[in-house]
Amino acid sequence: MTQAFLKKRSTIISADPYAAALEAPSDEASEGEAQVASELRPFVVDASGHGERLDRVLAQQVPEFSRSYLQQLIADGAVQLEGRPATRSAHRVRVGQRGEVELRPTPQSQAFLPEPMALDVVHEDAHLLVINKPAGLVVHPAPGHWRGTLLNGLLARDPRAATLPRAGIVHRLDKDTTGLMVVARDRPTMDALVRLIAAREISRQYLALAHRTWQGPARREVEAPIGRDSGNRLRMAVVDLAREGGKPAATGLELLANTDQGCWVRASLRTGRTHQIRVHMAHLGHPLVGDAVYGGAPAAGLERQALHAYRLAFTHPVTGQPLAFEIPLPEDLAAALSAWGLSYNGGSPA
């Protein structure tokens, strides 16, 4: 791997101005995929590094890479001091010691690569795409899912995507959520879409199948801040902003049908927080079918979370044309409705 390539990938991953606007396959190369060579970089500990931690000295010696990347190399045995492996980042070095670091390609450094895949494109013009995301497709590379993401597919589909942050992705759907997403194809359109989302001028509506019979009014506005769950940092939760970090979150909910087993609900995002609908529904005592993270369980033959982004509407940021898209239910969710004695006809059960 060349130094320039490594530096470019590291920069893309660490500096992303669209991270606040947003809400992942094997790390190993597949058969026939080219393997990228590593680079050996010698170094000598100077007087300023005497007694310092190894990772701190390496960060000074190899400043174009992040300290976390260098710590990973140390842990992987890619650093030697005086001809011996040095595998502890906290190891204290001495002036005059000679070493060598092997700058290996990490999964992160190879994450932003094109991977051809079939994408269900609902709408395409010179400025944007609207796609129908299937269950199981991760939107953006992340720990545990560095390859095979929607971003990789977009890079393979359109060379212009490589010039855009996150390949033009301006909002996410969770891995097992299905349905509509808009993706920019040029920078002005991406900037405009981000502004539309921030101004709540992109309408996003979802359909959800949840546990327990719905109680109370058929229409409900939920305004409950969302932040990291203090007991489990991998989850989100409704929080008290006076005591915990988080952001305001609002969801409009409408009951479409009730059954003895649960409820069929339409949800409209007023804000776009991570796992927002899943968290708000669980907070109300109606975790989504199949959503084990937030208290749901498999039911009606459905193993994944029962959430589908069925409608997307906005004004085209370049042409000014009103756009509105609806997408049918995926087969597994339609079968789950049928198993509970419900049928679906465009926005409400028949």
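An account of the accompanying structure is given in this report. (Residues numbered from 1 in each chain as written. Predicted model: local features only at pLDDT ≥ 70, side-chain atom pairs only at ≥ 80, totals over all residues. Heavy atoms only, no water.)

1. Things to note about the environment of R172
Line of reasoning, step 1. Examined against the element boundaries, R172 turns out to sit in the loop between helix 4 (150-157) and strand 7 (178-184).
Line of reasoning, step 2. Distance from R172 to G272, taken between C-alpha atoms, is 9.3 Å for residues 100 residues apart in sequence. (Helix = DSSP H or I, 4+ residues; strand = E, 2+ residues; numbered from the N terminus.)

2. What to know about the nonpolar core
Line of reasoning, step 1. Grouped together as the largest cluster of nonpolar side chains are 35 residues, with contacts concentrated most on L150, L154, Y206 and M281.
Line of reasoning, step 2. Sequence-distant contacts of L150, that is, excluding residues within four places in its chain, are made with L119, I131, L137, V138, V139, I169 and M181. (Core = buried A, V, L, I, M, F, W, Y, C linked by side-chain atoms within 4.5 Å. Buried < 20%, exposed > 50% of the residue type's maximum accessible area, 1.4 Å probe, protein only. Contact = heavy atoms within 4.5 Å.)

3. Quick notes on the side chain of S89
Line of reasoning, step 1. Within the secondary structure layout, S89 lies in the loop between strand 3 (84-85) and strand 4 (98-103).
Line of reasoning, step 2. If near-sequence neighbours (up to four positions away) are discounted, S89 is found in contact with R53, L54, D55, Q71 and I74.

4. Regarding the pairing of strand 15 (residues 322-326)
Line of reasoning, step 1. Residue alternation in strand 15 divides its side chains into a buried set, L323 and F325, and an unburied set, P322, A324 and E326.
Line of reasoning, step 2. Pairing of strand 14 (residues 307-315) with strand 15, which is carried by five bridges, proceeds in the antiparallel orientation. Across the sheet, residue L312 finds its bridge partner in strand 15, namely F325.
Line of reasoning, step 3. Linking strand 14 back to strand 15 in an antiparallel pair, the connection comprises six residues, with G320 at a positive phi of about 80°. (Pairing = 2+ DSSP bridges.)

5. Brief notes about the pairing of strand 5 (residues 120-124)
Line of reasoning, step 1. Of the pairings in the sheet, the one linking strand 5 to strand 6 (residues 128-133) comprises four bridges and is antiparallel in character. The partner of V121 across the bridge, within strand 6, is I131.
Line of reasoning, step 2. Hairpin geometry of strand 5 and strand 6 is characterised by an intervening segment of three residues between the two adjacent antiparallel strands.

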